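Structure assessment
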Amino acid sequence: MRASQPVSAVAVLLACSLANCGPGRAQAFRSEWHRSRDHGWAGPAFWTNRLQDWRVQGGRLEAIAPLPLRTAHLLTRRLEDGAGDLELTATVGPLGVSPADTGRSSAGFLVGAGRGLDYRAAALIHHARGPSAGLYAGLDTDGRAFLRDLEQRDLVIVQTAAGRGPLDSATLRLTARARGATYEITLEAALWNASRDTIRVTTGGIPGERLVGGVALVSDSPEPDGTTFWFSHFTATGSKLARYDDRTVGPVIGTQHTLSRGRLKLTAQFMPLGPDDSRTARLQIADGRGWVEVATAEVVIPGYTATFGVADWDATRDAPFRVAYDLARTDGTVQRHYMHGTVRRDPIDQDSIVVAAFTGNHNVQSGVDRRWFPWGAGVWFPHADLVERVLAHDPDFLFFSGDQVYEGASPTRADLEHPFEDYLYKWYLWYWAFGRLTAEIPAVTIPDDHDVYHGNLWGAGGRATPPGLGGAAAQDAGGYKRSAEFVNMVQRTHASHLPDPHDPTPVEQGIGVYYTDVRYGGVSFAVLEDRKFKSAPAALLPAADIWNGWPRNREFDAKTQADVPGATLLGERQLAFLDAWAADWSGGVWMKVALSQTLFANVATLPDSATTGSVIPSLPVPEP
């Protein structure tokens, strides 16, 4: 849960209590970028696609990626069913018209996006034409106003006959008025060119169902090196809009925590703060009389995490907490934001401990074209059905065993030109889906191969993969393909809330470690990093003809030829840790559980004809 309030030097003005927030009469929404400091996210009321494609700079929201249909979805308002009216306004302009622009780049409004979808799934719509994609009203760089139907492959419903370009900047105003069971939509564009022209398109007969769903700003560059756009003074009002004040994202998007041996560790995940934003976060707990500050933490970049440690924690009671953060603005005011949760008491007196275990979080359904966001039946995100079923079991402990992020499918292709932002875009979606659980239930979350942008990973003690290699060849050689800074960021966002490592000495390249144990509810959980220390098989088993970890030589017998000198599974440091952990039954421990990224043994088999795992997705699935 979250709330945000404006504050001054002398008083705190409280906004709505989240317990009472929900759909209600929509007051006019007005963007506040003109008062915002520069940073890499659009503000609490917006979700942008993708994170790396937008920024707030100089008092404006800027789309900085020349790509098709970049969207900034307004989260706190939604078009609901039933008759009503709508008005959207914004000032837009090109960031600099590209010489390659042919007049097809455009900017404007997306309405009716993702009807029938959870608002979080609807907010991911971008680069998309198809069911529930919405209506796009905008102005292109030739100065033509238009209304297009993205559900009909960009069908032009109406467009001005002649352009008034080249486009400088313009104030756009979209209105929708009910006309019986249908709507009339008008888009006006006041052009800030030499002649100060105003152009207008109007069309009627729009079915009422098309004005149900989300609202977004759009920067569309359908051709390589097209024009991108800035936006300012965006407003949304009308009786068609419902107001949802609790549907905000950031500055803190979620938290994770562990409680072990009377010590709390809690990590707050921030959105991308700017260079002038505060780096200090505060942890407060409710003591029955009010909120008491128990710790402060600095936001670490890259990754934007703040990790709190509190010793001598009272583990005998549930403790509501909140992470407090002050977001200063250019006009001298400050918005105070809170992210709420609960640290539950240690259930050491229970006869059983319920653990909910997760692995392999896909945000799209397999078999779809992942170059675009697939909506409708192809969406698994935000996994609301899964979350509700887990909550029904009321687990005591959560374990996410890896692949919380898939570099090519959560939900977009990997962007290796901007890997830090690309990872965070996908990681934030994981928090958006599962943060409701991690705010209330202690969790162990560890990264696996895809989290660090590998198809497979043999960490080989933390070394870098050999230069000049890519893909499976790099992986088979062992080590990490991405930089140590990237790997450390991923580990920090995943696992910095775990108890301190058993031995914190970094491995090669300065890559940190997190293997440790968590004692909770009388269960001692060993957290292992089997990927990091594991030897790569290709060099050790040349006769096997390894490709992507699989032996292609049919004469190779793993039972007799795979156990060779120099091969490492867990590494000597982790083996020493496991020896100590297995022998320690102090502190009321009655059960031990080892948590690892991969299975040490399983009964999966491949057909005799197969020499790699690529056949697995096509194998038949037996009936239960």
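Residues numbered from 1 in each chain as written. Predicted model: local features only at pLDDT ≥ 70, side-chain atom pairs only at ≥ 80, totals over all residues. Heavy atoms only, no water.

**Notes on the overall build of the protein**
The helix and strand tally for the protein stands at nine helices and 32 strands. Expected size for 624 residues packed as a compact globule is a radius of gyration near 25 Å; at 26 Å, the protein falls within 12% of this value. Burial status across the protein gives 56% buried among its 624 residues. Here the contacts in the protein between residues at least 6 apart in sequence split such that 70% fall between residues at least 24 apart. (Helix = DSSP H or I, 4+ residues; strand = E, 2+ residues; numbered from the N terminus. Rg over C-alpha atoms; globule rule 2.2 N^0.38 Å. Buried < 20%, exposed > 50% of the residue type's maximum accessible area, 1.4 Å probe, protein only. Contact = heavy atoms within 4.5 Å.)

**Structural notes on the nonpolar core**
The biggest cluster of nonpolar side chains holds 92 residues, and the ones touching the most others in it are Trp-47 and Phe-270. Tallying contributions element by element places helix H3 (residues 419-438) first for this core, with 12 residues. Grouped together as the second largest cluster of nonpolar side chains are 46 residues, Ala-42, Ala-145, Leu-191 and Val-201 included. (Core = buried A, V, L, I, M, F, W, Y, C linked by side-chain atoms within 4.5 Å.)

**Quick look at the environment of Val-507**
Note on placement: Val-507 falls in the loop between helix H5 (484-495) and strand E28 (516-520). Considered as a pair, Val-507 and Asp-579 are 72 residues apart in the sequence and their alpha carbons are 20 Å apart. With sequence-adjacent residues up to four places away left out, Val-507 is seen in contact with Gly-461, Gly-462, Val-513, Lys-532, Phe-533 and Arg-573.

**Some thoughts on the sheet that holds strand E19 (residues 263-270)**
Sheet architecture is open: three strands sit in the order E18-E19-E22, paired in antiparallel fashion. Edge positions in the sheet fall to strand E18 (252-260) and strand E22 (305-310), since each of these pairs with one other strand and no more. Strand-to-strand twist in this sheet, taken as the mean axis angle between neighbours without regard to direction, amounts to 15°. Where E18 meets E19, eight bridges bridge the pair, whose relative direction is antiparallel. Note that in E19 the partner of Gln-256 across the bridge is Thr-267. Lying on the sheet, H3 is in contact with E18 and E19; it crosses E18 at an angle near 60°. (Pairing = 2+ DSSP bridges. Axes fitted to C-alpha atoms, helices over the stretch in contact; angles between N-to-C directions.)

**As for the packing of aromatic side chains**
The relation between two aromatic rings is expressed through the spacing of the ring centres and the mutual angle of the planes. Evaluated as defined, the whole model comprises 28 aromatic pairs. Ring geometry for Tyr-423 and Phe-486: centres 6.0 Å apart, planes at 75°, overall edge-to-face. Of this pair, Tyr-423 sits in helix H3 while Phe-486 sits in helix H5, placing them 63 residues apart in sequence. Across the pair, exposure class does not vary: Tyr-423 and Phe-486 are buried alike. Among the aromatic residues, those joined into a cluster by ring pairs are Phe-358, Phe-400, Phe-420, Tyr-423, Trp-427, Trp-430, Tyr-431, Phe-434, Tyr-453 and Phe-486. One residue, Arg-322, lies across the ring of Tyr-338, its end atom 3.9 Å from the ring centre. Stacked on the ring of Trp-585, the Lys or Arg Lys-592 has its end atom at 4.7 Å from the ring centre. (Phe/Tyr/Trp six-rings, centres within 6.5 Å; stacked < 30°, edge-to-face > 60°. Lys NZ or Arg CZ within 6 Å of the ring centre and 35° of its normal.)

**Some words on the side chain of Asp-448**
Inspection of the secondary structure puts Asp-448 in the loop between strand E27 (443-445) and helix H4 (471-477). In this view, Asp-448 contacts Ser-401, Gly-402, Asp-403, Arg-531, Gln-597 and Thr-598; residues no more than four positions away in its chain are not counted.

**A word on the pairing of strand E5 (residues 60-63)**
Of the strand pairs in this sheet, strand E4 (residues 54-57) and E5 are connected by four bridges, and their pairing is antiparallel. Bridging from a neighbouring strand, Gln-57 pairs with Arg-60 of E5. What sits between E4 and E5 in their antiparallel hairpin is a turn of two residues, with Gly-58 showing a positive phi close to 60°. Examined bridge by bridge, E5 and strand E16 (residues 229-237) share two bridges and lie antiparallel to one another. Bridge pairing links Glu-62 to Trp-230 in E16.

**As for the pattern of salt bridges**
A full pass over the atoms with the stated rule returns 40 salt bridges. Notably, a salt bridge pairs Asp-287 with Arg-289, separated by 3.2 Å at the nearest N-O pair. Under the relative-accessibility criterion, Asp-287 is labelled partly exposed at 30%. Across the salt bridge formed by Arg-573 and Asp-503, the nearest N and O atoms sit 3.5 Å from each other. Highlighted residues: Arg-573 in helix H9 (residues 572-583) and Asp-503 in the loop between H5 and E28, separated in sequence by 70 residues. Its relative accessible area of 22% is what places Arg-573 among the partly exposed residues. (Salt bridge = Lys/Arg side-chain N within 4 Å of Asp/Glu carboxyl O.)

**Re the packing of H3 against H5**
At a minimum axis separation of 11 Å, H3 and H5 run at an interaxial angle of 20°. As far as their axial angle goes, H5 and H3 are roughly parallel. Between H3 and H5 lies a crossing of right-handed hand. Of the residues in H5, those in contact with Pro-419, Phe-420, Tyr-423 and Trp-427 of H3 are Glu-485, Phe-486, Met-489, Val-490, Thr-493 and His-494. Partitioned by chemical class, the residues of the contact of H3 with H5 number seven nonpolar, two polar and one charged. (Parallel < 35°, antiparallel > 145°, perpendicular 65-115°, else oblique. Left-handed = near helix turned anticlockwise from the far one by under 90°. Nonpolar A, V, L, I, M, F, W, Y, C, P; charged D, E, K, R; others polar.)

**So, the sheet that holds strand E29 (residues 523-527)**
Sheets are built from strands paired through backbone hydrogen bonds, the pairs being either parallel or antiparallel. Strands sit in the order E28-E29-E32 across an open sheet of three strands; the sheet is mixed. In this open sheet, the two edge strands, each paired with only one partner strand, are E28 and strand E32 (591-595). Pairwise comparison of adjacent strand axes, ignoring direction, gives a mean angle of 20° for this sheet. One ladder, built from five bridges, connects E29 with E32; its direction is parallel.

**Considerations on the pairing of strand E12 (residues 170-179)**
Pairing of strand E7 (residues 85-94) with E12 involves eight bridges; the strand directions are antiparallel. Paired with Asp-85 across the strands is Arg-177, a residue of E12. Pairing of E12 with strand E13 (residues 182-191) involves 10 bridges; the strand directions are antiparallel. Paired with Ala-176 across the strands is Ile-185, a residue of E13. Counting the residues between successive antiparallel strands, the hairpin from E12 to E13 contains two residues, one of them, Gly-180, with a positive phi of roughly 70°.

**Points about the environment of Gln-574**
Mapped onto the fold, Gln-574 is located in helix H9. Residues in contact with Gln-574, not counting those within four places in the same chain, are Tyr-515, Leu-528, Glu-529, Asp-530 and Phe-533. Side-chain polar atoms of Gln-574 contact the backbone oxygen of Leu-570, separated by 2.9 Å. (Polar contact = N/O pair within 3.5 Å; in protein donor to acceptor, adjacent residues only side chain to side chain.)

**Overview of the side chain of Ser-260**
Among the secondary structure elements, Ser-260 is positioned in strand E18. Polar side-chain contacts of Ser-260 include one of 2.9 Å to the backbone nitrogen of Arg-519. Ignoring any residue separated from it by four or fewer positions in sequence, one finds Ser-260 in contact with Pro-499, Asp-517, Val-518 and Arg-519.

**Focus on the packing of helix H2 (residues 384-393) against H3**
Running from N to C, H2 and H3 cross one another at 10°; their axes reach a closest spacing of 10 Å. One finds that H2 runs roughly parallel with respect to H3. Facing Leu-386, Val-387, Glu-388, Val-390 and Leu-391 of H2, the residues of H3 in contact are Ala-433, Phe-434, Arg-436 and Leu-437. Residue composition of the contact of H2 with H3, by class: seven nonpolar, no polar and two charged.

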